[in-house]
Amino acid sequence: MSLERGVLGNAIRNARIRQGLTHEELAEMLNITPTHLKHIESEHRRPSIEVLLNLMKYLHLSLDALVFSHSEDQQSFLLQDTCHLLASCTESELHIINDLTHSLLKYRENTDK
């Protein structure tokens, strides 16, 4: 079985960013070098089983989320990530995002006709 290119590295990178961790911070937690972590995220190298298990632990990811790309899961992940980000916005920022979303949907509606 071959892993779809980009899935593992992107899942790790997105989860690291979502957790607010730098390469250096996560690498220290994993007991690897930041360069090695960058190679894992760019998929120039694959993580060992030990590193993979620790990635799952520290980034709160399931093995399924790390190695499989499902569009439904991606949408669910994006929705959860967006909600997480929105929770840290000010009321003013939320109004801007809300207006932008309405405009985007209206634009899509008009271009689909």
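Everything quoted here is computed from the prediction, not taken from an experiment. (Residues numbered from 1 in each chain as written. Predicted model: local features only at pLDDT ≥ 70, side-chain atom pairs only at ≥ 80, totals over all residues. Heavy atoms only, no water.)

As a further point, take the overall build of the protein. For the protein, the count of helices and strands is seven helices and zero strands. Helices and strands appear in the protein in the N-to-C order α-α-α-α-α-α-α. Taking all 113 residues of the protein together, 26% fall into the buried category. Sequence-distant contacts, at least 24 apart, represent 61% of the contacts inside the protein between residues at least 6 apart. Accessible surface, the protein: about 8400 Å² in total, of which carbon and sulfur atoms supply 55%. (Helix = DSSP H or I, 4+ residues; strand = E, 2+ residues; numbered from the N terminus. Buried < 20%, exposed > 50% of the residue type's maximum accessible area, 1.4 Å probe, protein only. Contact = heavy atoms within 4.5 Å. Areas by Shrake-Rupley, 256 points an atom, 1.4 Å probe, with all protein chains shown as cover.)

This part takes up the nonpolar core. Grouped together as the largest cluster of nonpolar side chains are 17 residues, with contacts concentrated most on Ile 12 and Leu 59. Only helix 1 (7-18), helix 2 (23-30), helix 3 (34-41) and helix 4 (49-59) provide two or more residues apiece to this core. Excluding residues within four positions of it along the chain, Ile 12 makes contact with Leu 37, Ile 40, Glu 41, Leu 55, Leu 59 and Leu 66. (Core = buried A, V, L, I, M, F, W, Y, C linked by side-chain atoms within 4.5 Å.)

This brings us to the confidence of the model for the protein. Of all residues in the protein, 83% attain a pLDDT of 70 or more, and the chain-wide mean is 84. Element-level pLDDT for the protein is lowest in helix 6 (residues 71-86), with a mean of 69, against a maximum mean of 96 in helix 2. (pLDDT = per-residue confidence, 0-100.)

On inspection of all chains with the given rule, the structure shows two salt bridges. Between Glu 41 and Arg 13 there is a salt bridge, and its shortest N-O distance comes to 3.8 Å. Linking Glu 41 in helix 3 with Arg 13 in helix 1, this pair joins segments that are 28 residues apart in sequence. With a relative accessible area of 5%, Glu 41 lands in the buried category. (Salt bridge = Lys/Arg side-chain N within 4 Å of Asp/Glu carboxyl O.)

Moving on to the environment of Leu 37. Note on placement: Leu 37 falls in helix 3. Sequence separation between Leu 37 and Ile 12 is 25 residues; the distance between their C-alpha atoms is 9.4 Å. Apart from residues lying up to four places away in sequence, Leu 37 is in contact with Ile 12, Arg 16, His 23, Leu 26, Ala 27, Leu 30 and Ile 32.

A word on the packing of helix 1 against helix 3. Orientation of helix 1 relative to helix 3, taken along the N-to-C sense of each, is 125°, at an axis distance of 7 Å. When the axis of helix 1 is compared with that of helix 3, the two are oblique. Contacts from Gly 9, Asn 10, Ile 12, Arg 13 and Arg 16 of helix 1 reach helix 3 at Leu 37, Ile 40 and Glu 41. Considering only residue class, the contact of helix 1 with helix 3 consists of three nonpolar, two polar and three charged. (Axes fitted to C-alpha atoms, helices over the stretch in contact; angles between N-to-C directions. Parallel < 35°, antiparallel > 145°, perpendicular 65-115°, else oblique. Nonpolar A, V, L, I, M, F, W, Y, C, P; charged D, E, K, R; others polar.)

Let us look at the environment of Asn 31. Inspection of the secondary structure puts Asn 31 in the loop between helix 2 and helix 3. Sequence separation of Asn 31 and Asn 54 is 23 residues, and the distance between their C-alpha atoms is 9.6 Å.

On to the side chain of Glu 43, then. Secondary-structure assignment places Glu 43 in the loop between helix 3 and helix 4. Glu 43 gets classed as buried once you look at its relative accessible area, which sits at 19%. In this structure the side chain of Glu 43 is engaged in a polar contact, spanning 2.7 Å, whose partner is the backbone nitrogen of Gly 9. (Polar contact = N/O pair within 3.5 Å; in protein donor to acceptor, adjacent residues only side chain to side chain.)

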